[in-house]
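Residue strings, one per chain:
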Amino acid sequence: MGAKHAMDPDLLDEVGRRLLAELQEDARQPYAELGRKVGLTAPAVAERLRRMEVAGLIQGYRAQVNRSAMGWKLAAFVRIRAFPGQDSAIERFAADTAEVLECHEVTGEDSYLLKIAAANVQHLDRVITALAPLGATHSVLVLSTKVEGKILAPVGA
């Protein structure tokens, strides 16, 4: 959101940690409500959040949508072991392909782990087929998600 500066240690004090937890729970809360929960005025909340954004502690605000309700009935994880010289092509594929939700460079035998959304098995097959010239793939379908969107506290908090 903003340029990263030296981290102000006051940003991760008890109030800052509580603010981050509240925002992760519901980022649409008005400043007055957040302030009531953490013991600050609405203007003080606004200033603290602005400083957290500038420091890079808060990177953005998003709506969590129901992918299935939007027609994306399948989720899959695809591991890919890049063919020589194909790393940048895989990263471009991930960035340019709407179905790729996440792309992680990983350790081990594989090079990347991609999280993919698809409308159905045939749709997923088309995405994997387009990816296959770039590396050896291995896919698993998500049957159900048991844990997602956990609230993250600073290390040591």
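Reading the values: the criteria
Residues numbered from 1 in each chain as written. Predicted model: local features only at pLDDT ≥ 70, side-chain atom pairs only at ≥ 80, totals over all residues. Heavy atoms only, no water. 1 Å grid on protein atoms, 1.4 Å probe; cavity = no way out; pocket = protein on both sides within 12 Å on 5 of 7 lines; lining within 4 Å. Points joined across faces, edges and corners; volume = space filled by probe spheres on them. Helix = DSSP H or I, 4+ residues; strand = E, 2+ residues; numbered from the N terminus. Nonpolar A, V, L, I, M, F, W, Y, C, P; charged D, E, K, R; others polar. Expected span 1.5 Å × (residues − 1). Buried < 20%, exposed > 50% of the residue type's maximum accessible area, 1.4 Å probe, protein only. Arc of directions from axis to C-beta. Contact = heavy atoms within 4.5 Å. Polar contact = N/O pair within 3.5 Å; in protein donor to acceptor, adjacent residues only side chain to side chain.

Undergrad: An account of the layout of surface pockets is needed here, citing residue identities and associated values.
TA: In this model, the largest pocket occupies a volume close to 1700 Å³. Lining the largest pocket are 39 residues, and of these Gln-24, Arg-62, Ala-63, Gln-64 and Gly-149 sit closest to its centre. For the lining of the largest pocket, the element with the highest residue contribution is helix H1 (residues 14-25), accounting for four residues. Classifying every residue of the lining of the largest pocket gives 20 nonpolar, eight polar and 11 charged.

Undergrad: Could you give an account of H1, naming the residues involved and the relevant values?
TA: Across its 12 residues, H1 extends 17 Å between first and last C-alpha, which sits within 8% of the 16 Å expected from 1.5 Å per residue. For H1, the full list of buried residues reads Val-15, Gly-16, Leu-19, Leu-20 and Leu-23. Viewed along the axis of H1, the buried residues span an arc of 135 degrees, placing them on a single side of the element. The inward-facing, buried residues of H1 abut helix H2 (31-38) and helix H3 (42-54). Capping the start of H1 is the job of one residue whose side-chain oxygen sits 3.2 Å from the backbone nitrogen of Val-15: Asp-13.

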